[in-house]
Amino acid sequence: MVAAALQAGKHVYCEKPLAITPAAVREMLRLVQNSKPVFMVGLQRHSDNGLRQVIDEIHGGAAGKLASGKAQRHAAVDFSPTGSSIGFSTATAQAT
């Protein structure tokens with residue numbers, strides 16, 4: 001489908017994986033390099049504004065000083081503060 005779109009001169013946003021085998025990836029890259037349209041491999045939820053806001057809040061300190069974090073996507077509510085698949089482990093600063 002991607003090859004047909006590129007050959008037809010269409011811009012392509014392709015969700016990962018780009019292809020299944022290394023040979024197929026090389027062929028896809030050859031097609032992309034020989035075409036004029038814009039081609040982009042998408043990363044799941046990478047362009048999601050809601051997720052971007054959550055990340056910005058974490059970077060802004062909303063979750064405190066993080067030691068680790070885990071987020072899994074199962075449903076739309078998962079990225080809310082009360083969602084079932086978000087967990088953070090905060091670091092505790094201790095003066096010695």
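Here, every reference points to the structure presented above.
Residues numbered from 1 in each chain as written. Predicted model: local features only at pLDDT ≥ 70, side-chain atom pairs only at ≥ 80, totals over all residues. Heavy atoms only, no water.

Enquirer: Just to check I follow, could you spell out the pairing of strand β1 (residues 12–15) for this structure?
Expert: Two faces belong to every sheet, and in a regular strand the side chains alternate between them. Along β1, the buried face is formed by V12 and C14; none of Y13 and E15, which line the opposite face, is buried. Between the parallel pair β1 and strand β2 (residues 39–42), the chain is carried across by helix α2 (residues 22–33), and the sense of this crossover is right-handed. (Buried < 20%, exposed > 50% of the residue type's maximum accessible area, 1.4 Å probe, protein only. Helix = DSSP H or I, 4+ residues; strand = E, 2+ residues; numbered from the N terminus. Right-handed = clockwise from strand over helix to strand, strands pointing away.)

Enquirer: Help me understand the pattern of salt bridges in this model?
Expert: If charged atoms from side chains of opposite charge come close, those side chains can pair. On inspection of all chains with the given rule, the structure shows 2 salt bridges. Residues E27 and R30 are paired through a salt bridge, measuring 2.6 Å at the closest nitrogen-oxygen approach. Of this pair, E27 and R30 both sit in helix α2, 3 residues apart, roughly one helical turn. Judged by its relative accessible area of 36%, E27 falls in the partly exposed class. In this structure R30 comes out as partly exposed when scored by relative accessible area, which is 40%. We note a salt bridge from D56 to R52, for which the minimum N-O separation is 3.5 Å. With a gap of 4 residues between them, D56 and R52 both fall in helix α3 (residues 49–59), about one helical turn apart. On the accessibility criterion, D56 (44% relative accessible area) is partly exposed. (Salt bridge = Lys/Arg side-chain N within 4 Å of Asp/Glu carboxyl O.)

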